[in-house]
Amino acid sequence: MDRLIYLDNAATTKVKPEVVDAMLPYFTEEFGNPSSVYSFAAKNKTVIEKAREMIAASINAKPKEIYFTGGGSESDNMAIKGIARAYKDKGRHIITSKIEHHAVLHSLRALEKDGYEVTYLDVDEYGVVKLDELKKAIRDDTILITIMFANNEIGTIEPVKEIGQIAKEHGILFHTDAVQAYTQVPIDVKELNIDLMSASGHKINGPKGIGYIYIKSGINIEPLIDGGAQERNRRAGTENVPAIVGLKKAAELAIANMEERVAYESELRDYLIKSIMERIPYTRLNGDRHNRLPNNTNFCFQFIEGETLLIMLDMEGICGSSGSACTSGSLDPSHVLKAIGLPDEIAHGSLRLTLSEETTKEDIDYVVDKLDKIVARLRQMSTMYADFIDSKTGDVR
Ligand SMILES: *Cc1c(COP(=O)(O)O)cnc(C)c1O
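Before going into details, it helps to say that this report is about the structure given with it. Only a predicted model underlies this, so the values are computations on that prediction, with no experimental measurement involved. Here the residue numbers are simple positions, counted from 1 along each chain's written sequence. Side-chain atom pairs in this predicted model are given and counted only at pLDDT of 80 or more, local residue features only at pLDDT of at least 70, and totals for whole chains, interfaces and linings cover all residues. Working from all heavy atoms in the structure, the side-chain values ignore hydrogens and water.

## Examining the nonpolar core
As a reminder of what qualifies: The definition of a nonpolar core used throughout is a set of buried Ala, Val, Leu, Ile, Met, Phe, Trp, Tyr and Cys residues joined through side-chain atoms within 4.5 Å. Per-residue accessibility, obtained with a 1.4 Å probe over protein chains only, is compared with the maximum for each type, and a residue is labelled buried under 20%, exposed over 50%, and partly exposed between these values. Residues count as neighbours in contact if any of their non-hydrogen atoms are within 4.5 Å of one another.
One finds I59, F149, Y182, I187, I194, M197 and Y212 to be the most contacted residues of the largest nonpolar core, which totals 63 residues. Here I194 is in contact with F149, V160, F174, T176, I187, V189, Y214 and K216, once residues within four sequence places are set aside.

The following block contains the structure:
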């Protein structure tokens, strides 16, 4: 198969050539450990601080509020476990939603084993957290609210500013996993009342294994990784200079063209949604129609198995995902699709297609055409579909 249409940009993205170019010298000539005394290596400290300044400015934070980590999962773990441990004498209750990434949910599960209590908020049919339920869940011993900025499966953007406001009014810290939202949605941590925020390099055309956490100054946090004094004693380990440089370059490029990119991708996204909904019957769009990430689409095709659909799409050179990459391989339907109220048999037929700025209208037409044929073929083989059609027409087989 010559043609490759990559529509899984929520799982990971291609590193831009400019990003690779920016990184390369730091593997070879500029390999020094930033903590060394001699200027050859110590100048890499300045390189890191420049990156920190750029990243901070991109979310209206101060440089000293940015800490580089090994990626989105580490940032989520650090925020949740680090705050829980630092504020355990104040309280041991945390509020989250049912649709968080596993990096958040499984961090919380680990804390539950240590005696912390967690409230998992319901979401509405579009995946939006219910603010009145959030208010009701707050207790005297609540120390943290952790709710994602935008969902990685269905693309729904949460009311972050309102959540932050509620947290602030109650003197509770607010962490948001912005791995999917960063550079897709404008983020001003001050205006949005965000206390801690996670982001990742490889979701924004940067390298894997690098990310950052924003921690508002004045907040206490226990480190996750103990060791040297790097990252102001909050994240030990020799700094990954090439990856930090790559993250900075990727963020710079993404912020520079954000407006056009978002406009382009949203238009293409809407075209994909419209084409699929018009062409393929018994299809459901998951997530909020408008209030969603510019590159996210997520559908359920009734009477279809998502995994089978992915394999058939793969044979046509199309990369998509069913649920999230972390859950595929297991037979449980996505916890996100469950939380928006889909019955298991519908949730099993889900397909997420996430676009990039390299996706073209021709790609979309090709994908919709193949999808239409594949879905029709799979339904022809489905006894459930046959029964359904019979029941509709009143025919007796
Ligand atoms: C990808 C992703 C993560 C994990 O980030 P990594 O850098 O892969 O560890 C966390 N949260 C969300 C919402 C994601 O999409």
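## Focus: the site of the ligand
Rules: It suffices for a single heavy atom of a residue to lie within 4 Å of a molecule or strand for the residue to be listed as near it. Under the rule applied, a polar contact is a pair of N or O atoms within 3.5 Å (in protein, one hydrogen donor and one hydrogen acceptor; residues adjacent in sequence only if both atoms are side-chain atoms). Residue-level accessible areas treat just the shown protein chains as cover; the underlying method is Shrake-Rupley with a 1.4 Å probe.
Around the ligand, the structure places 13 residues, and the nearest of them are S73, D177, Q180, S200 and K203. Within the side chain of S200, a nitrogen or oxygen atom sits 2.6 Å from an oxygen atom of the ligand. For the ligand, an oxygen atom lies 2.7 Å from a polar atom in the side chain of H202. Protein burial of the ligand: of its 380 Å² of free accessible surface, 88% is covered by the chains.

## Digging into the layout of surface pockets
Which entries qualify depends on this criterion: Whether a set of points on the 1 Å grid over the protein atoms alone is a cavity depends on a 1.4 Å probe fitting there but being unable to get out, while an open set qualifies as a pocket with protein on both sides within 12 Å along at least five of seven lines; lining residues are those with an atom within 4 Å of a point. Grid points are joined across faces, edges and corners, and a volume is the space filled by probe spheres set on the points. Runs of H or I in DSSP of at least four residues are treated as helices and runs of E of at least two as strands, each being numbered from the N terminus. Under the convention adopted here, Pro, Cys and the residues Ala, Val, Leu, Ile, Met, Phe, Trp and Tyr are nonpolar, Asp, Glu, Lys and Arg are charged, and Gly plus all remaining residues are polar.
The computed volume of the largest pocket comes to approximately 500 Å³. Along the walls of the largest pocket sit 31 residues, with N9, T13, N205, S356 and E357 positioned nearest its centre. For the lining of the largest pocket, the secondary-structure elements that each account for two or more residues are β1 (5-6), α8 (241-256) and α9 (258-279). Ranked by residue count, the leading element in the lining of the largest pocket is α8, at three residues. For the lining of the largest pocket, the residue count by class is 13 nonpolar, ten polar and eight charged.

## A short note on the packing of α9 against helix α13 (residues 361-380)
Quick reminder of the rule: Axis definition: a line fitted to C-alpha atoms, over the contacting stretch in the case of helices. Angles run 0 to 180 degrees between N-to-C directions. Our angle categories are set so that under 35 degrees counts as roughly parallel, over 145 as roughly antiparallel, 65 to 115 as roughly perpendicular, and the remainder as oblique. A crossing counts as left-handed when the near helix is turned anticlockwise from the far one by less than a right angle, and as right-handed when that turn is clockwise.
For the pair α9 and α13, the least separation of the axes is 10 Å and the interaxial angle reads 25 degrees. In terms of axis orientation, α9 runs roughly parallel to α13. Like other packed secondary-structure pairs, α9 and α13 cross with a definite hand, here right-handed. Contact residues: L268, Y271, L272, S275, I276 and R279 in α9; K361, I364, D365, V368, D369, L371 and D372 in α13. Across the contact of α9 with α13, the residue classes break down as seven nonpolar, one polar and five charged.

## Examining the packing of helix α3 (residues 72-86) against helix α4 (residues 102-113)
Relative to each other, α3 and α4 sit at 30 degrees, their axes nearing to 9 Å. When the axis of α3 is compared with that of α4, the two are roughly parallel. For α3 against α4, the interelement crossing comes out right-handed. Along the contact surface, α3 presents S73, D76, N77, I80, K81 and A84, while α4 presents A103, V104, S107, L108, A110 and L111. Residue composition of the contact of α3 with α4, grouped by class: seven nonpolar, three polar and two charged.

## What to know about α4
This is how the line gets drawn: By this rule, a helix spans an expected 1.5 Å times one less than how many residues it contains.
In a regular helix each residue adds 1.5 Å, so twelve residues correspond to 16 Å; α4 covers 16 Å between its end C-alpha atoms and thus fits that length. Listed in full, the buried residues belonging to α4 are H102, A103, V104, L105, S107, L108 and L111. Positive backbone phi, approximately 95 degrees, marks G115, located one or two places after α4.

## Comments concerning the sheet that holds strand β4 (residues 117-121)
Across a sheet, strands are paired by hydrogen bonds formed along the backbone, either parallel or antiparallel in direction. The criterion, for reference: Two strands are counted as paired when DSSP detects at least two bridges linking them.
The strand order across the open sheet formed by seven strands is β2-β8-β7-β6-β5-β3-β4, and the pairing between neighbours is mixed. With one partner strand each, in any of the chains shown, β2 (66-69) and β4 form the two edges of the open sheet. The sheet shows a mean angle of 20 degrees between the axes of neighbouring strands, direction not considered. Pairing of β2 with strand β8 (residues 211-215) involves four bridges; the strand directions are antiparallel. What sits directly across from Y67, in β8, is I213. Set on the sheet, helix α2 (residues 39-58) makes contact with β2 and β8; between it and β2 the angle comes to about 115 degrees. Its contacts with the sheet place helix α6 (residues 160-169) against β5 (142-146) and β6 (173-177), and it is angled at close to 155 degrees to β6.

## A word on the side chain of E74
With respect to the helices and strands, E74 occurs in helix α3. By relative accessible area, E74 is classed as buried at 14%.

## Section: a nonpolar patch on the surface
The condition that has to hold: Patches draw on residues past 30% relative accessible area with no salt bridge. Two like charges within 9 Å are joined, as are two nonpolar side chains (Val, Leu, Ile, Met, Phe, Trp, Tyr) within 5 Å. Any Lys or Arg side-chain nitrogen found within 4 Å of a carboxyl oxygen on Asp or Glu counts as a salt bridge.
Taken together, the side chains of V20, L24 and F27 define a hydrophobic patch exposed on the protein surface, amounting to about 270 Å² of accessible area. Tracing the backbone shows L24 in the loop between α1 (17-23) and α2.

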